[in-house]
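# Inside the fold
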Amino acid sequence: MEEFFTLLKEDKLFKIENKVLVAFSGGPDSIFVFKLLKEFQKYKNFTIELYHLNHGLRDSAVNDEEFVKNFAEENSCVLHLEHFDTMAFAKQNKIGTEEAGRIKRYNDLNEIAREIGTQTVITGHHLDDDIETMIMNFERGAGLNGISGIKIRDGIFFRPLLKISKREILDYLDENKIKYCIDETNFVDDVNRNRIRLNIIPVIRETLSDFDKNAKTLLSNLKSTQS
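For every chain, the first residue of its written sequence is number 1, and the numbers climb from 1 along that sequence. Totals for whole chains, interfaces and linings use all residues, but because this is a predicted model, local features are given only for residues with pLDDT of at least 70 and pairs of side-chain atoms are given and counted only at 80 or more. Only hydrogens and water are removed before side-chain values are computed, so all heavy atoms of the structure are retained for them.

### Some thoughts on the nonpolar core
Among the nonpolar cores identified, the biggest contains 32 residues, and Phe14, Leu37 and Leu50 are the most heavily contacted of them. Here this core takes 7 residues from helix 3 (residues 28-40), the largest share from any one element. Excluding anything up to four places from it in sequence, Phe14 contacts Leu8, Val20, Leu37, Phe40, Lys44, Phe46, Thr120, Ile122, Arg153 and Phe158. Throughout, nonpolar core names a set of buried Ala, Val, Leu, Ile, Met, Phe, Trp, Tyr and Cys residues whose side chains join them through atoms within 4.5 Å. Relative accessibility decides the category of a residue: with a 1.4 Å probe and only protein chains considered, values under 20% of the type maximum give buried, values over 50% give exposed, and everything between is partly exposed. One finds Phe84, Leu109, Ile156 and Phe157 within the second-largest nonpolar core, a separate group that totals 12 residues. Every helix listed is a DSSP run of H or I at least four residues long, and every strand listed is a run of E at least two residues long, numbered separately from the N terminus. Should any heavy atoms of two residues lie within 4.5 Å, those residues are considered in contact.

In C-alpha cells, the structure reads:
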C-alpha cells in the first residue's frame, strides 16, 4: 500500500488535517481510498468520517446504503447519510440526473466539511477517471486546463488516487478479498462518460499499446501547468 502514498505525502493541506471527510459510495474506488487512508494513519494521526448519498435512482441503492452503514460501524467511523430524490430535482431544474446528483453531493460535502471543521474532502477519482475527463474535455474543444483532466486539489476537494489505475484498485481489493458494491449503471452507455469508458477507450487501447502509460505521463505534465 505504501507505493500509493505519493499524493498524500505531497498535499500541503492534508499534512495539517486532524480530520478528513471521504465521499463514500461503497464502490471499489471509495473502499480503496479508505484502505489507503487507514494505512496512512500509521504515519499521521487523523480521523476519517464518511459521506454517503442514496440517489434514489436504483433499487440496489438500498443494498449499497446498508453495506455502507455496516462498513462505517465495523470501522468505527462517523457516517453522514443523505437521501435525495434525484429524478425530481433533475426534472424541476431541467438538467440530467448525473448533474443533479453531482450538485447535491458537492453541496452536501461543502456543508459537512464546514460543520466538522476540515478543509479536506477526499474522493475516489482515479487515473481512468482522469483519462476519461481529458477525452471528454478534448471533445468539447476545451483549453489547456480542461484537457489537463481532474485537479488533484481543488479547494477542499482532494483526489489522492489520480496516479492509480482502476486495474490496480481492483487487483488490490480482489487479492485481499475485500468486498465492495457494484453500481450497474456504470456499465450502460447512456451518458457521455460511460460512452467514452465503454466504447472509445477500449478501441484506443487496442490501437495504442502504451496508451495508459503515455496518458498518465501526459496528464502529469499538463497538471504541472494548471492554474
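### Looking at unusual backbone geometry
Positive phi values are uncommon outside glycine, yet Ser76 reaches one of about 55 degrees. With respect to the element layout, Ser76 can be found in the loop between helix 4 (61-74) and strand 3 (79-83). Backbone geometry at Lys177 places phi at a positive 55 degrees, although glycine is not the residue there. Looking at the element boundaries, Lys177 is found in the loop between helix 9 (166-175) and helix 10 (192-207).

### Re the state of the cysteines
Any two cysteine sulfur atoms within 2.5 Å of one another count as a disulfide. Tallied over the full model, the rule gives 0 disulfides. Sulfur of Cys77: no disulfide; nearest cysteine sulfur belongs to Cys181 and is 15 Å away. What makes Cys181 buried here is its relative accessible area of 10%.

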